Amino acid sequence: MSRIMIVDDEEAIREIMTLFLKRDGHDITAISSGSEAVRNFKSSLNSGAPFDLVILDANIPGDIGAVEIIKSIKEHDPDISAVITSGDSVGGAMKKPEDFGFDRALKKPFKSADLINLVKSLVNS
């Protein structure tokens, strides 16, 4: 079982991703803000129960965005796998995720199978 953190400001997105991934046997922590995500990530790492993967929404209004979040997280765990998600595929991190600290990008809306296959490819590698 993999530990996955989902960070998205939209509750419906967090809920559906949580549902898809829990059905696939993963332990999910869903968070609505970037600053809370960084705190939670550090706490989990320090407690000996680190995350295997983080899935970050590119834009979180009124808070730090995915690029800032992954930069902070990678200071504590440079090997963490990360996915950026967005409904807008024109941005830099969505076009070239590896240039911004991400392993992959996932365009919204996506199918459950796309999410599950992406997660499997990252947590099993």
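Treat the numbers as computed from the prediction; the structure is a model and nothing was measured.

**Here's the deal with helix α2 (residues 34-46)**
Its 13 residues give α2 an end-to-end C-alpha distance of 18 Å, which sits within 8% of 18 Å, the value for a rise of 1.5 Å per residue. Taken together, the buried positions of α2 are occupied by Gly34, Ala37, Val38, Phe41 and Ser44. For α2, the angular spread of the buried residues around the axis is 135°, confining them to a single face. Exposed residues on α2 whose side chains face more than 90 degrees from its buried face are Arg39 and Asn46. As for α2, its buried residues are in contact with β1 (3-7), β2 (27-31), β3 (53-57) and α3 (66-76). If you check the start of α2, you find a side-chain oxygen 3.2 Å away from the backbone N of Glu36, and it comes from Ser33.

**Details of α3**
Every buried residue belonging to α3 is among Ala66, Ile69, Ile70, Ser72 and Ile73, and all of these are buried. Down the axis of α3, the sector holding all buried residues measures 165°, keeping them to one side. What points out from α3, more than 90 degrees from its buried face, is the exposed set Lys71 and Glu75. Looking at the buried residues of α3, the elements they touch are β1, α2, β3 and β4 (81-86).

**Overview of the pattern of salt bridges**
When charged atoms on two side chains of opposite charge get close, those side chains can pair. Taken as a whole, this structure holds four salt bridges when the rule is applied. Its salt-bridge partner being Asp57, residue Lys108 comes within 3.1 Å of it at the nearest N-O pair. Taken as a pair, Lys108 in the loop between β5 (104-107) and α5 (112-123) and Asp57 in strand β3 lie far apart in primary sequence, 51 residues in all. In terms of burial, Lys108 and Asp57 fall into one category: buried. Here the residues in one salt-bridge network are Asp8, Asp57 and Lys108, joined through shared partners.

**Digging into the nonpolar core**
If you look at the biggest cluster of nonpolar residues, it comprises 21 residues, and the most contacted ones within it are Met5, Val7, Val54, Leu56, Ile70 and Phe102. Contributing elements (two or more residues each) for this core: β1, α2, β3, α3, β4 and α4 (92-95). Per-element accounting of this core gives the leading share, four residues, to α3. Those residues in contact with Phe102 that sit more than four places away from it in its chain are Leu56, Ala66, Val67, Ile70, Ala82, Val83, Ile84, Ala93 and Pro97. By size, the runner-up hydrophobic cluster in this structure holds 16 residues, among which are Met17, Leu21, Leu53 and Ile55.

**What to know about the pairing of β1**
Judged by how many residues are buried, β1 sits mostly within the fold: five of five residues are covered. The alternating pattern of β1 places Arg3, Met5 and Val7 on one face and Ile4 and Ile6 on the opposite face, and all of these are buried. Handedness of the β1-helix α1 (residues 11-23)-β2 crossover: right-handed. Bridging between β1 and β3 involves four bridges; their strand directions are parallel. Residue pairing across strands places Ile4 opposite Leu53, the latter belonging to β3.

Analysis parameters
Residues numbered from 1 in each chain as written. Predicted model: local features only at pLDDT ≥ 70, side-chain atom pairs only at ≥ 80, totals over all residues. Heavy atoms only, no water. Helix = DSSP H or I, 4+ residues; strand = E, 2+ residues; numbered from the N terminus. Expected span 1.5 Å × (residues − 1). Buried < 20%, exposed > 50% of the residue type's maximum accessible area, 1.4 Å probe, protein only. Arc of directions from axis to C-beta. Contact = heavy atoms within 4.5 Å. Polar contact = N/O pair within 3.5 Å; in protein donor to acceptor, adjacent residues only side chain to side chain. Salt bridge = Lys/Arg side-chain N within 4 Å of Asp/Glu carboxyl O. Core = buried A, V, L, I, M, F, W, Y, C linked by side-chain atoms within 4.5 Å. Right-handed = clockwise from strand over helix to strand, strands pointing away. Pairing = 2+ DSSP bridges.

None of the figures reported here should be taken as evidence of function without further support.
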